[in-house]
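Architecture and fold: a report
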Amino acid sequence: MKKKGETLMRRILVADREESGRLYADELVKEGYHVRCLSDGFVAVREIVTNPPDLVIVDGILPGISGTDLVMMIKLSHPGLPVIMYTDCQLYKDNYMAWSADRCLVKSDDRSQLISSVRRLLARSERPRFAGTLQ
């Protein structure tokens, strides 16, 4: 429970198979977010069910389940949960399944677009934690 005047740290789940996920997660931590990194899609599904985050960042390619399938599952079960598809491959911007994400960004060394997207999406979703189940 939060005390008077205390702000609740927003929680971000990063589902990324690569070490680069840890690098941009570190930048998000510096921005004041609590970040949990997972490298497996099915583990991410379980985490969303048991401990729903405020925002999810998904890589396009994950062990166990594709990033686009994970985005679709999240949007079907938690429609208000903001999701960013953040991938190495430019082709995902043209993949209609990736369009169900709130943002689809191509990874780069300049993470300002990712940080600003996180801020905007979290500002739009200032509401209680999400309820729902993933199947």
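Predicted, not measured: the structure shown is a model, and the values here were computed from it.

Thoughts on the confidence of the model for the protein
- Considering every residue of the protein, the mean pLDDT works out to 83; 79% of them sit at 70 or more.
- When the criterion is pLDDT under 50, residues 1–6 qualifies, and its contacts beyond four places in sequence or with other chains add up to 1 contact.

Points about the sheet that holds strand S2 (residues 34–38)
- The parallel open sheet is built from 5 strands, whose spatial order is S2-S1-S3-S4-S5. Looking at the sheet topology across the chains shown, the edges are occupied by S2 and strand S5 (103–106). Here the average twist between neighbouring strands, direction ignored, is 20°.
- Pairing geometry for strand S1 (residues 11–15) and strand S3 (residues 55–58), over 4 bridges, is parallel. Each residue of the ladder has a partner; that of Ala15, found in S3, is Val58.

Observations regarding the pattern of salt bridges
- Inspection of the entire model under this criterion finds 10 salt bridges.
- Between Arg36 and Glu47 there is a salt bridge, and its shortest N-O distance comes to 3.6 Å. With Arg36 in strand S2 and Glu47 in helix H2 (residues 41–50), this pair connects stretches of sequence that are 11 residues apart.
- Residue classification places Arg36 among the partly exposed positions, given a relative accessible area of 41%.
- It is possible to trace a salt-bridge network through shared partners that takes in Asp16, Arg17, Glu18, Asp59 and Lys107.

Thoughts on the side chain of Arg111
- Tracing the backbone through its elements, the reader meets Arg111 in the loop between S5 and helix H4 (112–124).
- A relative accessible area of 14% means that Arg111 is categorised as buried.
- When near neighbours in sequence (up to four residues on either side) are disregarded, Arg111 contacts Leu23, Tyr24, Glu27 and Tyr86.

Here is what the cut-offs are and how they apply
Sequence positions are assigned chain by chain, starting from 1 and proceeding in written order. Side-chain atom pairs in this predicted model are given and counted only at pLDDT of 80 or more, local residue features only at pLDDT of at least 70, and totals for whole chains, interfaces and linings cover all residues. Hydrogens and waters are ignored; side-chain quantities use all the structure's heavy atoms. Confidence of the predictor at the level of single residues is given by pLDDT, which spans 0 to 100. Contacts were defined at the residue level, with two residues in contact if any of their heavy atoms lie within 4.5 Å. Strand pairing is assigned whenever DSSP detects at least two bridges linking the two strands. Each helix is a run of DSSP H or I of at least 4 residues and each strand a run of E of at least 2, with the numbering of both proceeding from the N terminus. As a rule, the C-alpha atoms of each element are fitted with a line to give its axis, helices using only the stretch in contact, and angles between N-to-C directions run from 0 to 180 degrees. By salt bridge we mean one thing: a side-chain nitrogen of Lys or Arg within 4 Å of a carboxyl oxygen of Asp or Glu. Per-residue accessibility, obtained with a 1.4 Å probe over protein chains only, is compared with the maximum for each type, and a residue is labelled buried under 20%, exposed over 50%, and partly exposed between these values.

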